[in-house]
Amino acid sequence: MDGDDSDPYEDDSSSDSSFDLDDYWLAKVLMVKENDPEKTMLAESGDDNYIRNITDDGWEELGRDISNNTHLETVALCSGALDDQKLSCFFRGLTESSSIKNMHLYDNGLSVAA
């Protein structure tokens, strides 16, 4: 990132802080980032604000964090979590992985070109 102290995993334009789910999401992302051996699955739905509000930089950073993680085996980002733009940013960061065995991206309404 370019020196900005803002959190790329959260867009400030939403004021809905539904029951600290943002903290729950950030804790899971931190486990991925820190390569926690207990974190072998990351599964999220687009129904949640903390997923809908991730910035493009946040998706790219999440992809990089997954690339650097050696324990994460399953990634499921489904039900509207991704659109074409977010998917592009995510895979810009996720260039390779030695541990991912399953990736589920269903029900995202992606275009054929993506």
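Note that the structure is predicted; figures quoted are calculated from it, not measured.

*Asks:* Outline the pattern of salt bridges, supporting the account with residue identities and numerical values.
*Replies:* The full count for this structure, using the stated rule, is six salt bridges. Note that Asp65 and Lys33 form a salt bridge whose closest N and O atoms lie 3.4 Å from each other. Here the residue Asp65 occupies a position in helix α3 (residues 56-68), and Lys33 occupies one in helix α1 (residues 21-33), the gap between them amounting to 32 residues. Classification of Lys33 as partly exposed rests on a relative accessible area of 41%. When salt bridges with common partners are traced through the structure, they connect Lys33, Glu61 and Asp65 into a single cluster.

*Asks:* Outline the packing of aromatic side chains, listing residues and values.
*Replies:* Tallied over the full model, the rule gives three aromatic pairs. Taking 6.1 Å as the distance between ring centres and 90° as the angle between the ring planes, the aromatic pair formed by Trp59 and Phe90 counts as edge-to-face. Here Phe90 lies in helix α4 (residues 84-93) and Trp59 lies in helix α3, a separation of 31 residues in the sequence. Given the relative accessible area of 0%, Phe90 is considered buried. Relative to Phe91, the ring of Phe90 lies with its centre 5.2 Å away and its plane at 70°, an arrangement referred to as edge-to-face.

Criteria and cut-off values
Residues numbered from 1 in each chain as written. Predicted model: local features only at pLDDT ≥ 70, side-chain atom pairs only at ≥ 80, totals over all residues. Heavy atoms only, no water. Salt bridge = Lys/Arg side-chain N within 4 Å of Asp/Glu carboxyl O. Helix = DSSP H or I, 4+ residues; strand = E, 2+ residues; numbered from the N terminus. Buried < 20%, exposed > 50% of the residue type's maximum accessible area, 1.4 Å probe, protein only. Phe/Tyr/Trp six-rings, centres within 6.5 Å; stacked < 30°, edge-to-face > 60°.

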